[in-house]
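Residue strings, one per chain:
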Protein chains: 2
Amino acid sequence: MKGVRIGIAGLGTVGTGVWNILHRNTDLIQARLGFPVEITAVALRRPRPDLDLSKVKVHSDVMQLACDENIDIFVELIGGYKDAAAAIRAAIAAGKHVVTANKALLAEQGESLLKEADEKGCLIAFEAAVAGGIPVIKALREGLCANSVSSVAGIINGTANYILSAMSESQQSFEVALLDAQKLGYAEADPTFDIQSIDAAHKITILAALAFGIPLNFNAVKTQGITHITPLDLVNAEHLGYRIKQLALARRDANGKVDIRVHPAMIPKTAMLASVHGAMNAVMIIGDAVGPTLFYGAGAGSEPTGSAVIADIMEIARHTHHESSNAAVHPLAFSVERIPAQYLTADDRQQSAYLRFTVADSTGVLAFIAQQLSQQGVGIERLVQTPIEMEENSNGPQFMSIVVITHPAPEKALHAALTALELSSAVKAPIQVIPIEARVC
Amino acid sequence: MKGVRIGIAGLGTVGTGVWNILHRNTDLIQARLGFPVEITAVALRRPRPDLDLSKVKVHSDVMQLACDENIDIFVELIGGYKDAAAAIRAAIAAGKHVVTANKALLAEQGESLLKEADEKGCLIAFEAAVAGGIPVIKALREGLCANSVSSVAGIINGTANYILSAMSESQQSFEVALLDAQKLGYAEADPTFDIQSIDAAHKITILAALAFGIPLNFNAVKTQGITHITPLDLVNAEHLGYRIKQLALARRDANGKVDIRVHPAMIPKTAMLASVHGAMNAVMIIGDAVGPTLFYGAGAGSEPTGSAVIADIMEIARHTHHESSNAAVHPLAFSVERIPAQYLTADDRQQSAYLRFTVADSTGVLAFIAQQLSQQGVGIERLVQTPIEMEENSNGPQFMSIVVITHPAPEKALHAALTALELSSAVKAPIQVIPIEARVC
């Protein structure tokens with residue numbers, strides 16, 4: 001049987017992974033599909049003398065690859081916005097199906113791309129865009145398709161998780177852990193997307209759209225970075241039974257209101273998610289029928305991400321070779337509902353939180369903090385008082401640390417109490433606030 | 001668009017789950033598919049006055065349902081062997097696709113059923129047969145289809161896991177924990193399949209066939225029950241950094257030799273699998289490209305299992321409504337290789353183990369044990385000696401317990417050493433042997 005012909009745009013980390021797997025597992029993949037997957041063309045910026053490119057057409061221009069008559073599927077692995085979007089549009093205009101790992105592009109411009117693909121009868125598959133090799137998009141679209149999903153929560157940025165894990169294990173500061181991560185290749189030279197939670201926000205935008213059948217809406221994601229987390233917070237978390245993770249969350253409440261956010265959160269250390277260390281990823285999905293489920297694996301890397309790209313290629317190949325148009329990878333599949341979402345506001349949001357106050361003398365301050373919180377209706381679940389060991393204070397006044405775990409309270413009330421407390425002279429440093437998420441598995 | 005018409009054989013726990021989800025999420029499911037899923041007929045043994053059956057044809061004979069002209073998909077949820085097999089065969093003969101949760105039937109007679117279905121161009125889908133609501137069959141067939149899989153390891157019997165979890169948490173004996181599990185509905189009146197690891201063996205037979213592309217071969221599974229595990233072993237395990245789980249394992253080594261087994265095993269308590277408590281399930285899959293992955297969720301229950309059944313129904317519906325014949329749920333899909341497996345023997349198998357010896361006086365015995373193990377080339381990694389607190393010994397002689405953790409050694413060598421030791425008068429009770437599996441995530 002005739003094979004499916006793919007063109008790979010970009011032979012960087014992921015592209016090379018795709019290349020290597022397709023060459024190593026050629027027979028296996030052909031046996032599973034019933035026909036071969038053939039790389040007929042690639043687009044490259046730099047020469048790759050380490051690869052035998054003698055059997056493929058090599059384009060230097062990605063737009064030429066997109067329009068190459070000898071490819072059925074355009075595999076976009078160049079990343080970024082402008083060139084990638086133009087190439088995908090050109091491929092769709094030429095009637096080609098698309099496989100992409102480009103989370104940023106999908107989250108920010110995915111709506112129009114999906115619409116264009118749908119109009120041309122083309123598929124866009126993007127398993128590799130979220131959580132690397134973990135088949136979580138497939139789980140949402142197909143495995144759990146009988147469920148009304150209420151919640152998706154995940155650790156979906158390996159760099160941030162690596163940094164927080166390292167800080168927790170060796171009491172490193174954020175800055176030192178970041179430098180180490182950069183040296184080891186876990187963090188890029190410009191780590192902004194990872195440490196400011198933008199990358200995870202892109203991914204949760206995609207997961208939320210699939211889970212709730214709402215349009216992709218990156219602007220609706222509330223985002224906070226991990227740069228303010230200190231070793232002291234990580235130690236406190238352990239003592240209190242929690243672990244701090246960069247958590248991406250998408251929830252839909254009983255009224256259908258959607259809440260999407262990424263920020264550092266304390267989760268119970270007995271939760272499965274708390275055991276996700278280093279650069280690994282995991283996504284929890286709660287469905288009304290299935291209950292809580294969790295999907296774990298490598299969230300990045302050459303071959304793990306390549307594994308997801310090839311799964312998409314094989315999925316499209318299975319369908320196109322049989323002229324079925326209703327594949328689960330259909331651009332609009334699993335979001336046929338696609339009702340614009342109503343989003344939760346700070347008025348609606350209830351949250352427990354870890355609060356860390358730096359104070360000079362705790363005697364009167366403790367009562368003052370309790371009173372301010374209580375005045376706004378924020379209940380205290382636990383209160384711990386410890387001297388702070390901070391190098392920068394060794395020659396100055398000895399500060400005390402007061403840690404409060406609150407009961408769930410409206411975000412607005414907590415905010416009001418904290419604003420009042422920060423104005424007080426008894427509070428000697430910005431109050432550290434880390435939300436607590438107990439509803440994870 | 002015309003809907004897909006299903007006939008449900010059996011409205012027991014799972015059948016009722018399917019019924020409830022299809023009625024509750026009707027709109028959602030129709031939106032996702034583009035057409036409705038209609039229950040047109042059921043087969044029942046007992047009346048169900050609690051359900052509104054006015055719109056469905058009610059058969060008392062499952063064979064009549066299998067041949068009902070008004071169904072497209074036959075959903076077999078009666079369980080057991082004879083009637084279920086006959087009904088599935090009748091449905092296939094009538095050209096119907098089949099969805100089943102029947103792990104026992106598939107593991108023991110699946111080969112002939114899949115062949116018959118293939119010859120008739122019918123699909124058999126069985127996501128619900130393994131790990132309840134967790135879409136792990138789909139992950140193996142599709143999500144990880146670019147991978148050569150080397151290992152599948154899982155906690156896939158909720159009853160056994162519930163019993164071991166309860167024993168560990170409250171120091172109960174096996175017998176007491178089993179009775180509790182029966183009272184709470186986690187264990188059946190006849191718990192043989194669960195506690196003798198037969199149910200998990202059925203499931204790992206299916207997973208191994210999909211993972212390695214080998215025929216279903218229940219007889220190749222090496223099985224040991226959990227009835228010999230004592231609270232003392234569970235306590236020892238915790239102290240040594242392990243947890244005891246009923247573990248189902250399917251591995252393929254570098255020579256292509258396959259090893260499939262289910263038995264209690266000690267796994268590192270830091271492993272994700274060690275955090276799978278109570279009636280939950282999890283399956284770890286290691287692929288050459290993706291590395292280790294883990295899939296976690298409810299392994300049984302009405303709606304979790306119903307969720308998987310409906311995912312299969314929707315999968316088949318998507319394909320049949322578009323006359324594609326190469327669905328990933330194709331009877332032989334993902335096992336097109338289907339090369340009869342070569343199985344590992346005790347000669348090949350290397351294993352670390354926990355050994356617990358009950359001895360009267362440990363002074364000379366300790367050296368004797370070390371010597372016997374060493375003579376067979378079994379290395380000792382750790383040795384712990386503790387007095388035993390056993391009620392039954394309170395009036396008799398005070399026995400000592402010697403616990404040994406071995407280095408990996410050939411199973412045959414370990415067996416020879418243990419046989420010699422059991423013949424010794426110093427050893428006062430059968431030696432407890434629990435394999436250690438460190439290669440889990």
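Our structure is the block above this text.
The present account deals with the structure reproduced in this document. Every chain begins its residue count from 1, and numbering advances along the sequence as written. As a convention, the first chain written is A and the first ligand written is 1, with the rest following in written order. In keeping with the model being predicted, local features are shown solely for residues with a pLDDT of at least 70 and side-chain atom pairs are shown and tallied solely at 80 or more, while totals for entire chains, interfaces and linings include all residues. Heavy atoms from the whole structure form the basis of all side-chain values; hydrogens and water molecules are not counted.

**Observations regarding the overall build of chain A**
This is how the line gets drawn: Each helix corresponds to a stretch of at least 4 residues labelled H or I by DSSP, and each strand to a stretch of at least 2 residues labelled E; elements are numbered beginning at the N terminus. Exposure is judged per residue with a 1.4 Å probe applied to protein chains only, and the accessible area is read against the type maximum: over 50% gives exposed, under 20% gives buried, and values in between give partly exposed. Should any heavy atoms of two residues lie within 4.5 Å, those residues are considered in contact. Only the protein chains shown count as covering a residue, and every accessible area follows the Shrake-Rupley method with a 1.4 Å probe.
A count of helices and strands for chain A gives 14 helices and 18 strands. Here chain A holds 441 residues, and the buried ones make up 60% of them. Expressed as a percentage of contacts within chain A between residues at least 6 apart in sequence, the contacts between residues at least 24 apart total 74%. Total accessible area on chain A stands at roughly 16,600 Å², and carbon and sulfur atoms take up 53% of it.

**Let's talk about the pattern of salt bridges**
The criterion, for reference: Each salt bridge in this description consists of a side-chain nitrogen of Lys or Arg and a carboxyl oxygen of Asp or Glu lying within 4 Å of one another.
Applying the stated criterion to the full structure yields 46 salt bridges over all chains. Linking A:Asp348 and A:Lys257 is a salt bridge whose minimum nitrogen-to-oxygen distance equals 3.5 Å. Of the two residues, A:Asp348 sits in the loop between strand S13 (342–343) and strand S14 (350–359) while A:Lys257 sits in strand S10 (residues 257–268), which places them 91 residues apart along the sequence. A relative accessible area of 31% means that A:Asp348 is categorised as partly exposed. B:Asp50 serves as the salt-bridge partner of B:Arg48, at 2.9 Å between the closest nitrogen and oxygen. What emerges from the salt-bridge pattern is a single network uniting A:Lys138, A:Glu142, A:Glu315, A:Arg318, B:Lys138, B:Glu142, B:Glu315 and B:Arg318.

**Notes on the pairing of strand S9 (residues 242–252) of chain A**
Residue and element names in this part refer to chain A. Note the following rule: Any two strands with at least two DSSP-identified bridges between them are counted as paired.
Taken across its 11 residues, S9 has 10 buried, putting it largely inside the fold. Inspection of the sheet shows S9 paired to S10 by 11 bridges, in the antiparallel sense. Note on S10: the bridge partner recorded for Ala250 is Ile260. Hairpin connection between S9 and S10: a loop of 4 residues separates the two successive antiparallel strands, and Gly256 in this loop has a positive phi of roughly 85 degrees.

**A short note on the interface of chain B and chain A**
Rule in force here: For any pair of parts, buried area is found by adding up, for both, the accessible area (1.4 Å probe) each one loses once the two are put together.
Contacts between the two partners involve 55 residues from chain B, matched on the other side by 55 residues from chain A. Of the roughly 4,600 Å² buried between chain B and chain A, counting both surfaces, carbon and sulfur atoms make up 58%. In terms of surface lost to chain A, no three residues of chain B exceed B:Arg32, B:Met272 and B:Tyr296, which account for 16% of the buried area on that side. On inspection of chain B and its partner chain A, the count reaches 4 salt bridges.

**Looking at the relation of the copies chain B and chain A**
Heads up, the condition is: Copies overlap after least-squares fitting; the atoms used are the C-alpha atoms of residues with pLDDT of at least 70 in both.
Under the fitted operation, chain B is carried onto chain A by 0.0 Å of movement along the axis and a turn of 180 degrees, and the coordinates agree to an RMSD of 0.0 Å. The transformation just described matches what one would write down for a two-fold rotation axis. Closest to the rotation axis within chain B is the C-alpha of B:Phe295, separated from it by 2.4 Å. An overlap of 100% is found between the interface residues of chain B and their copies at the interface of chain A, pointing to a shared contact surface.

**So, the sheet that holds strand S6 (residues 124–125) of chain A**
Residues and elements named next belong to chain A. In plain terms, the rule: Note on definitions: angles span 0 to 180 degrees between N-to-C directions of axes, and those axes are lines fitted to C-alpha atoms, for helices only across the stretch in contact.
Spatially, 6 strands are ordered S3-S2-S1-S4-S5-S6 in an open sheet, and the strand pairing comes out parallel. Whereas interior strands pair on both sides, the edge strands pair on one side only; in this sheet they are strand S3 (57–59) and S6. Here strand S1 (residues 4–9) runs beside strand S4 (residues 73–76); their pairing, made up of 4 bridges, is parallel. Counterpart to Gly7 in the pairing with S4 is Phe74. Packed on one face of the sheet, helix H4 (residues 82–93) meets S4, strand S5 (97–100) and S6 and runs near 175 degrees to S4.

**Examining the environment of B:Val235**
Among the secondary structure elements, B:Val235 is positioned in helix H11 (residues 231–240). Remark: the alpha-carbon pair of B:Val235 and B:Gln171, spanning 64 residues in sequence, is separated by 8.1 Å.

**Thoughts on the environment of B:Ala317**
Residue and element names in this part refer to chain B. Note that Ala317 resides in helix H12 (residues 302–320). Sequence separation between Ala317 and Gly110 is 207 residues; the distance between their C-alpha atoms is 22 Å. Residues in contact with Ala317, not counting those within four places in the same chain, are Val4, Leu33, Phe35 and Ile73.

**A word on the pairing of strand S2 (residues 37–43) of chain A**
Residues and elements named next belong to chain A. Across the 7 residues that make up S2, a large majority, 5, are buried. Two elements, S1 and S2, share 6 bridges in a ladder whose sense is parallel. Looking at S2, one finds that Gly7 is bridged to Ala41. Two strands pair when backbone bridges link them, and S2 and S3 are joined in this way by 3 bridges, in the parallel orientation. The residue bridging Ala41 from the neighbouring strand is Lys57, located in S3.

**Brief notes about the nonpolar core**
We count it as follows: By nonpolar core we mean a set of buried residues, namely Ala, Val, Leu, Ile, Met, Phe, Trp, Tyr and Cys, connected to one another through side-chain atoms within 4.5 Å.
Counting residues in hydrophobic clusters, the biggest one holds 121 residues, and the most contacted among them are A:Phe74, A:Ile204, A:Leu207, B:Phe74, B:Val136, B:Ile204 and B:Leu207. When neighbours within four sequence positions are excluded, A:Leu207 is seen to be in contact with A:Val130, A:Val136, A:Ile137, A:Leu140, A:Val152, A:Ile156 and A:Val283.

**Examining helix H7 (residues 158–170) of chain A**
All names here are of chain A. To be explicit about the condition: Expected span, for any helix, means 1.5 Å times one less than how many residues it has. Here a polar contact is taken to be a pair of N or O atoms separated by no more than 3.5 Å, where protein atoms must pair a possible hydrogen donor with a possible acceptor and residues adjacent in sequence count only if both atoms sit in side chains.
Between its terminal C-alpha atoms H7 stretches 18 Å, which fits the 18 Å expected from 13 residues at 1.5 Å a residue. Among the 13 residues that make up H7, 10 are buried, leaving the element largely enclosed by the rest of the structure. Turning to H7, its buried residues are Gly158, Thr159, Ala160, Asn161, Tyr162, Ile163, Leu164, Ser165, Ala166 and Met167. With a side-chain oxygen lying 3.2 Å from the backbone nitrogen of Thr159, the N-terminal cap of H7 falls on Asn157. One or two positions beyond H7, positive phi appears at Gln171, with a value near 50 degrees.

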